[in-house]
Amino acid sequence: MPKKSSPQGTLPLFAETPPPALTVVHARFTAEAAESLSDLFSGFDTLQALTYSSSVPLIASILPWFRHVDIVFGYEQIVPQDVRQLIALQQAVAEQLQALISELAPRQQALAQALREGTVTFRTLTHHVSHKKTFLLSGPDRPSRVIVGSANLSTPGLSGRQWENLIVFDDDGPAFAYYYRDWLHAVDAASPVAPQVLLGQEALDLENVPVIRQVIQTQKMVVVDHRDSQAMEAEATRSVVVRATELTASYRDLPLMPTGNGHTVIVPQMVHQIAAAWRGQRAAQAPDSPHVPQFDVSWTGPPRCRFNGQEWSLTPDAEAVRQDVPWLTQYFEGFSRFIGNDPGVLQRQYYALLNWLLFAPILPLLRVQAMAQGHHGYLYPMTAIVYGKSNAGKTDFLKTVSRLMFGMDVLVPALEFSKSKYRGWAERAQAFPLIVDDIQNRRFHDHAIELIKSTDYFRTLPAPCMVFSANTDIEGLPSEVTKRAYVVPITASIPVPAAAKDRFTARVQSGLSTALYRAYCAQVLPAARTLAAAWDQPEPPDPYQMASSTVLYNLIGEALDGHLPPWCQILTLDTYLTSHDETIRDTLHRLWTTRPDLFVIRRPANHLILTASQPAELKTWKTNIPDYLIVQQAGLSLILHLAETETFLGRRFVRPFLHRVWGRH
């Protein structure tokens, strides 16, 4: 007869392998007494407790009786089978403590002071199950006491209105030693809840969840052991469990997976990367939510940057800066694998975009103040548009630069972008740029163009810059967009098989830190302040491009001991104002070389007539050719000013001799 498996969570009574032995303390009954809470707990110096249903008001009420309090909280339910559930449960417990302490702090100043001084410590279990209730009381003025039983350190448990077991060992050295060892095991299996979090001084985000903060603070890995035979206790504190269930869904994308032996290892070196990636995913999924990162800058007084409410050090370790630069240069060398354009051209295009992106958090502040001095907003484009073939490296580039700047990438999927969500992003993000990935033509026209054209969105701060990446279906941008945006058309791409096998970009992204960008901010913010001081001169100063690229040029040069790659150059305003023109120049040069029959030269009339083969082709030409070159449209023909077009292209249109003989002029 086949053996039946035991239901999950029950003891395998008929299994061949016996279950683990239970730990049993043998004691002897000596007396019964009716005692108050004060009788039980007062007169001692130190309280060390292991409980799993807490009442902070009760703790606050007995706090004056002790100089030191250290409490480990277990859970009403099993240690979860998934580390994401564990993180969610720890956050829910910490949230409950934070809320109660916030409510009590005005009346219970002693609790807040004790938390700040470290004389009160709260911990949550990480990788063990505990349903124990143990209270260790000690001090110099009376013998030690151990209280065990069914009652939690809570108002219901110790009110006398519930049926509870309270067993007391007074002046019992072996009992105190045994339970103290037991409590120390719980401490070793727990993570402290940071007092800064409990007092609301730091946000309870992923990196402040107890187990994650412990890994960061100690720089030691934590192994979370998942067991299959753990069962839930009958009744749980519903609010914590429900909240933990909600939070578990938010952690579903957290890249922490158990190994084959049922352990999840949280490695210190990876914690910040994991947290940054998780925050980026959450912000990308909801660009108008509290998950959106915040960045703000100031050049008044000493340069200052704050990221997610924390002050940034603008004096990074010089060696860290030197380590970032080779990763960046290796990334740019990778463009030599692309086909369809001179690698040098592609490198220069992306390098110019890099400079714009690095300056993007400062640009809104500079633009608002420049326009107040009468300078034109066109000189300070708040939007960049990079478009090209599907394997043109656009998304990888934007992710790489985001890692370089902030240690995280937040690329908002195009379907999550709208005018209203930009406003939500702006309210939270301050100067953190909004990067929208792979936007399609319809959504771009329905939502992006109005933002780009309207000065209302960018007239006051906060108004973060926007970056759009798109495929070639977005080409043919209207002039009201191209004159207000920095447009980067990419004509090269990497073959699909090479892109599919590529791990080069991922290695670069994991190697980069924010050191280079922090060093850049330290130097470029004073340079921006200098620009602002020169706005009242008759001729406006170079808006920012030279200042930005000079700082980056010098930082890269210092790290490479002066051996600069050819694409690393000091840029000017013209580099940006003419960037979009390069594509139509290439198109007209190519057409003249391959299809000269499309052109008719009327030199006496100063006309160059360009005839399209279909309306779509004509529409693309008309959209991309600068307006000042166009005389008029006639059917499928576009009549251009000949001399001005020759100047624009840097060439003279001259027919071969036989064409002139046959009557072409």
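This text follows the structure it describes.
Residues numbered from 1 in each chain as written. Predicted model: local features only at pLDDT ≥ 70, side-chain atom pairs only at ≥ 80, totals over all residues. Heavy atoms only, no water.

A. A look at the overall build of the protein. Looking only at helices and strands, the protein has 25 helices and 21 strands in total. Within the protein, the proportion of its 665 residues that are buried is 49%. Taking contacts inside the protein between residues at least 6 apart in sequence as the whole, the part at least 24 apart equals 74%. If you sum the accessible surface of the protein, you get close to 31900 Å²; carbon and sulfur atoms cover 53% of it. (Helix = DSSP H or I, 4+ residues; strand = E, 2+ residues; numbered from the N terminus. Buried < 20%, exposed > 50% of the residue type's maximum accessible area, 1.4 Å probe, protein only. Contact = heavy atoms within 4.5 Å. Areas by Shrake-Rupley, 256 points an atom, 1.4 Å probe, with all protein chains shown as cover.)

B. Molecular detail of the pairing of strand E13 (residues 383-388). Burial analysis of E13 places 6 of its 6 residues in the buried class, the great majority of the element. Side-chain alternation along E13 places Thr383, Ile385 and Tyr387 on one buried face and Ala384, Val386 and Gly388 on a second face that is also buried. When E13 meets strand E16 (residues 466-470), the two strands line up parallel, connected through 5 bridges. In the strand pairing of E16, Val386 is matched with Ser469. Here E13 runs beside strand E17 (residues 485-490); their pairing, made up of 6 bridges, is parallel. Bridge assignment links Ala384 to a residue of E17, and that residue is Tyr486. (Pairing = 2+ DSSP bridges.)

C. Geometry of the packing of aromatic side chains. Under the defined criterion, the tally for this structure stands at 36 aromatic pairs. Summarising the aromatic geometry, the rings of Trp312 and Tyr517 are spaced 6.1 Å apart at their centres and angled 75 degrees between planes, so their arrangement reads as edge-to-face. Linking Trp312 in the loop between strand E12 (310-311) and helix H10 (318-333) with Tyr517 in helix H19 (residues 515-533), this pair joins segments that are 205 residues apart in sequence. The same class applies to Trp312 and to Tyr517, which are both buried. Both rings, one in Phe332 and one in Tyr351, keep their centres 6.2 Å apart while their planes meet at 75 degrees; by these two values the pair is edge-to-face. Linking Phe332 in helix H10 with Tyr351 in helix H11 (residues 343-359), this pair joins segments that are 19 residues apart in sequence. Each member of the pair, Phe332 as well as Tyr351, carries the same accessibility label: buried. (Phe/Tyr/Trp six-rings, centres within 6.5 Å; stacked < 30°, edge-to-face > 60°.)

D. Quick peek at empty space enclosed by the protein. Under the defined criterion, the tally for this structure stands at 2 cavities of 30 Å³ or more. Considering only enclosed or pocket space, the largest cavity measures out at about 70 Å³ in volume. Taken together, Leu357, Val401, Ser402, Met405, Phe406, Met408, Val410, Phe432, Pro433 and Ile435 form the lining of the largest cavity. Top element by residues in the lining of the largest cavity is helix H13 (residues 394-406). It accounts for 4 residues. Across the lining of the largest cavity, the residue classes break down as 9 nonpolar, 1 polar and no charged. (1 Å grid on protein atoms, 1.4 Å probe; cavity = no way out; pocket = protein on both sides within 12 Å on 5 of 7 lines; lining within 4 Å. Points joined across faces, edges and corners; volume = space filled by probe spheres on them. Nonpolar A, V, L, I, M, F, W, Y, C, P; charged D, E, K, R; others polar.)

E. Geometry of the environment of Lys453. If you trace the backbone, Lys453 turns up in helix H15 (residues 441-453). Taking the C-alpha atoms as reference, Lys453 lies 6.8 Å from Glu480; in sequence the two are 27 residues apart.

F. Quick peek at H10. For H10, spanning 16 residues, the distance from its first C-alpha to its last is 23 Å, which sits close to the expected 22 Å at 1.5 Å a residue. Within the sequence span of H10, burial applies to Val321, Asp324, Val325, Leu328, Thr329, Tyr331 and Phe332. Axial view of H10: buried residues confined to an arc of 150 degrees, hence all on one face. The N-cap residue of H10 is Asp317: its side-chain oxygen and the backbone nitrogen of Glu319 are 3.1 Å apart. (Expected span 1.5 Å × (residues − 1). Arc of directions from axis to C-beta. Polar contact = N/O pair within 3.5 Å; in protein donor to acceptor, adjacent residues only side chain to side chain.)

G. Quick peek at the sheet that holds E16. Taken in spatial order, the 5 strands make up an open sheet running E14-E15-E16-E13-E17, and their pairing is parallel. The open sheet is flanked by strand E14 (411-413) and E17, the only strands paired with a single partner. Within this sheet the neighbouring strands show an average axis-to-axis angle of 20 degrees, counted without direction. Here H11 sits on the sheet in contact with E13, E16 and E17, set at roughly 155 degrees to E17. (Axes fitted to C-alpha atoms, helices over the stretch in contact; angles between N-to-C directions.)

H. Region of interest: the packing of H11 against helix H20 (residues 545-559). Look at H11 against H20: their axes get within 10 Å of each other, and the N-to-C directions meet at 105 degrees. If you check the angle between H11 and H20, you find them roughly perpendicular. Two secondary-structure elements touch here, H11 through Tyr351, Leu354, Asn355, Leu358 and Phe359 and H20 through Ser548, Ser549, Leu552, Tyr553 and Ile556. Here the residues of the contact of H11 with H20 sort into 7 nonpolar, 3 polar and no charged. (Parallel < 35°, antiparallel > 145°, perpendicular 65-115°, else oblique.)

I. Expanded view of the pattern of salt bridges. Inspection of every chain in the model, using the stated rule, returns 13 salt bridges. The partner of Glu202 in a salt bridge is Arg213, with the nearest N and O atoms 3.0 Å apart. Here the residue Glu202 occupies a position in the loop between helix H6 (195-198) and helix H7 (210-218), and Arg213 occupies one in helix H7, the gap between them amounting to 11 residues. By relative accessible area, which is 21% here, Glu202 ends up partly exposed. For Glu416, the salt bridge is made with Lys421, and the minimal N-O distance between the two is 3.0 Å. What makes Glu416 partly exposed here is its relative accessible area of 25%. With a relative accessible area of 22%, Lys421 lands in the partly exposed category. (Salt bridge = Lys/Arg side-chain N within 4 Å of Asp/Glu carboxyl O.)

J. Geometry of the sheet that holds strand E6 (residues 166-170). Taken in spatial order, the 7 strands make up an open sheet running E6-E5-E4-E1-E2-E3-E7, and their pairing is mixed. What marks the edges here is a single partner per strand, and that holds for E6 and strand E7 (190-192). Going across the sheet, the axis of each strand differs from the next one's by a mean of 15 degrees, ignoring polarity. For strand E3 (residues 120-125) and E7, the ladder comprises 3 bridges, and the chain directions are antiparallel. Residue pairing across strands places Arg123 opposite Pro192, the latter belonging to E7. Sheet contacts for H7: E3 and E7; angle to E7, the most-contacted strand, approximately 80 degrees.

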